[in-house]
Amino acid sequence: VATGLLARLPAALAPATPAFVVADENTLPLLPPALAHLPRHVLPPGEASKSWAELERLLLALDAAGLDRDSHLVAFGGGVVTDLAGLAASLHRRGIPWSAVPTSLVGQVDAACGGKTAIDFAGGKNTIGSFHPPRAVLVDPAALASLPGEHLRAGLAEVLKTALIAGGELYARTLELDLPALVRADARATAVIAGCLSVKDGLVRRDLHDHGPRRALNLGHTFGHALEALSLRTPGAGLLHGEAVALGLLCAARVAGTRRGVGAGLEHRLRDRLSAWGLGTTRSGLDPDAVLAEMRRDKKRRGGRLTLILPLAPGRVEVLEGLDDDVVRIGLGALTPGC
Ligand code: GLY
């Protein structure tokens, strides 16, 4: 993690020699000139690109470029680019090395790190994917200055999630973080981004395949993924991933309050922080049965019953398995306007 890292590409990727770049139409202008001569594939921006059709197009491009098993792919963009490019890298010739250069906040603190790759499939989020860790994740916080405001805000939800898991100094610093500090990529913002990455890296190193401690990173995601998937089916009402995670964090905090006796103060603090960043904290018109049906599709559901990650306090989360379906109604209560 360092400001000015983009200008030092491809030297910063050494000893890897990049052979192919995947970007999207929004991130292409940020591509350093030193990478511009490489063969590349440019995706339409947005979640819709995490599709079977785009995966096939990318695999055809890798094939046409003649990449062999040692060819190094660089994914240059947000979570959509790194998820799709990472999956293609895991499939081409049964797996080629790749590096991630995440340019969005969600990408920098979460999506690009940890080797989870995916597309959305059959209406579900991230339902097809693989574990194929990148050789390197190079983060330049200065890239965030080019990000639309709503994407920056959405990324803050993933920052808050990670800080809540970690507690301590990272949590305190995150509660003080504001959007201008991020846009300036000042020292405080850079420290928070580096802190989130280090928390995630620590969990992934212990549990790449998400059977143990890594599951903490799904905090806010059981509700979040369901709300995001539902929203994407209503034209014009689509939630960004981070916006859905923000709502999911509040749902998880509400369930923690009801089922684990956690004081309401935690949910209030999270709500205040998310609103101060300009993120939505309510959602009307949700049908609990539809949300439950989405959760049933969740690939992390095991043994037919729900699993939730619950925040007990900053630095303390609990994986609660085998929950009854009623928790859905309880959690969604946190999103009722005026609650
Ligand atoms: N985004 C959660 C994880 O990588 O495990």
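Residues numbered from 1 in each chain as written. Predicted model: local features only at pLDDT ≥ 70, side-chain atom pairs only at ≥ 80, totals over all residues. Heavy atoms only, no water.

Here's the deal with the pairing of strand β1 (residues 18–24)
Counting buried positions along β1 gives 6 out of 7 residues, so the element sits mostly inside the fold. Sheet analysis places β1 next to strand β3 (residues 72–77), joined by 4 bridges and oriented parallel. Across the sheet, residue P18 finds its bridge partner in β3, namely H72. In this structure, β1 lies alongside strand β2 (residues 40–43), joined through 4 bridges in parallel fashion. Looking across to β2, one finds that V22 is bridged to H41. (Buried < 20%, exposed > 50% of the residue type's maximum accessible area, 1.4 Å probe, protein only. Helix = DSSP H or I, 4+ residues; strand = E, 2+ residues; numbered from the N terminus. Pairing = 2+ DSSP bridges.)

Here's the deal with the packing of aromatic side chains
What the rule picks out here adds up to 1 aromatic pair. Geometrically, the ring pair formed by W52 and F121 is tilted, given 5.6 Å between the ring centres and 45 degrees between the ring planes. With W52 in helix α1 (residues 52–64) and F121 in strand β5 (residues 116–121), the pair connects residues that are 69 residues apart, well separated along the chain. Taking the relative accessible area as the measure of exposure, F121 reaches 37% and is therefore partly exposed. (Phe/Tyr/Trp six-rings, centres within 6.5 Å; stacked < 30°, edge-to-face > 60°.)

Describing the sheet that holds β3
Taken together, the 5 strands give an open sheet; going across it, the order is β2-β1-β3-β4-β7, and neighbouring strands pair in parallel fashion. Strand pairing shows two members of the sheet lacking a second neighbour, β2 and β7 (136–137), which therefore form its edges. Against the sheet, α1 makes contact with β1, β2 and β3, and its axis sits at roughly 165 degrees relative to β2, the strand it touches most. Most of the contacts of helix α2 (residues 79–91) go to β3, to which it runs at about 165 degrees, and overall it touches β1, β2, β3 and β4 (98–102). (Contact = heavy atoms within 4.5 Å. Axes fitted to C-alpha atoms, helices over the stretch in contact; angles between N-to-C directions.)

Some words on the site of the ligand
The full set of residues close to the ligand is D110, K116, K200, R214 and L217. One nitrogen or oxygen atom from the side chain of K116 is found 2.9 Å from an oxygen atom belonging to the ligand. R214 has a polar side-chain atom sitting 2.7 Å from an oxygen atom of the ligand. Burial of the ligand by the protein amounts to 90% of the accessible area it has alone, namely 190 Å². A class-by-class count of the residues in the shell around the ligand yields 1 nonpolar, no polar and 4 charged. (Near = heavy atom within 4 Å. Polar contact = N/O pair within 3.5 Å; in protein donor to acceptor, adjacent residues only side chain to side chain. Areas by Shrake-Rupley, 256 points an atom, 1.4 Å probe, with all protein chains shown as cover. Nonpolar A, V, L, I, M, F, W, Y, C, P; charged D, E, K, R; others polar.)

Focus on the side chain of R273
Among the secondary structure elements, R273 is positioned in helix α10 (residues 264–276). Despite being buried, R273 has no salt bridge partner; D178 is the closest side chain of opposite charge, sitting 7.3 Å away. Separated by 3.3 Å, the side chain of R273 and the backbone oxygen of L177 make a polar contact. Not counting chain neighbours up to four residues away, the residues in contact with R273 comprise L160, T174, L175 and L177. (Lys, Arg positive; Asp, Glu negative; His and termini not counted. Salt bridge = Lys/Arg side-chain N within 4 Å of Asp/Glu carboxyl O.)

A few points about the pattern of salt bridges
Taken as a whole and judged by the stated rule, the model has 22 salt bridges. K116 serves as the salt-bridge partner of D210, at 2.9 Å between the closest nitrogen and oxygen. With D210 in the loop between α7 (187–206) and α8 (221–232) and K116 in strand β5, the pair connects residues that are 94 residues apart, well separated along the chain. Taking the relative accessible area as the measure of exposure, D210 reaches 5% and is therefore buried. Here D186 and R188 are joined by a salt bridge, their closest N and O atoms 3.4 Å apart. Salt bridges linked by common partners bring E47, K50, D83, K125 and E228 together as one network.

Things to note about α2
An ideal rise of 1.5 Å per residue puts 18 Å on 13 residues; α2 measures up with 18 Å between its terminal C-alpha atoms. Here α2 lies mainly inside the structure; 12 of its 13 residues are buried. All of the buried residues in α2 are G79, V80, V81, T82, D83, L84, A85, G86, L87, A88, A89 and S90. Just downstream of α2 lies R93, where phi reads positive at about 50 degrees. (Expected span 1.5 Å × (residues − 1).)

Section: the nonpolar core
By size, the foremost hydrophobic cluster in this structure holds 66 residues, and its most contacted members are L105, L182, F223, L270, V328 and L332. Among the elements that take part in this core, helix α9 (residues 241–260) stands out by supplying 11 residues, more than any other. Discounting residues that sit within four places of it in the chain, L182 has contacts with L105, P141, L144, L152, L156, L177, A189 and I193. Core analysis: the second largest hydrophobic core is formed by 21 residues, L58, L62, V81 and L84 among them. (Core = buried A, V, L, I, M, F, W, Y, C linked by side-chain atoms within 4.5 Å.)

Quick word on the environment of L9
Mapped onto the secondary structure, L9 falls in the segment before β1. L9 sits 213 residues away from T222 along the chain, and the two C-alpha atoms are 37 Å apart. Once residues within four sequence positions are removed from consideration, L9 is found in contact with P32, A34, L35, F76, V101 and L138.

Points about α7
Between the first and last C-alpha of α7 there are 29 Å, a value that for 20 residues agrees with the 28 Å anticipated at 1.5 Å per step. By the burial criterion, the buried members of α7 are A189, T190, V192, I193, G195, C196, L197, V199, K200, L203 and V204. Along its buried surface, α7 packs onto α3 (105–111), α4 (149–166), α5 (168–175) and α6 (179–184). At the N-terminal boundary of α7, the capping side chain belongs to D186, with an oxygen 3.1 Å from the backbone nitrogen of R188.

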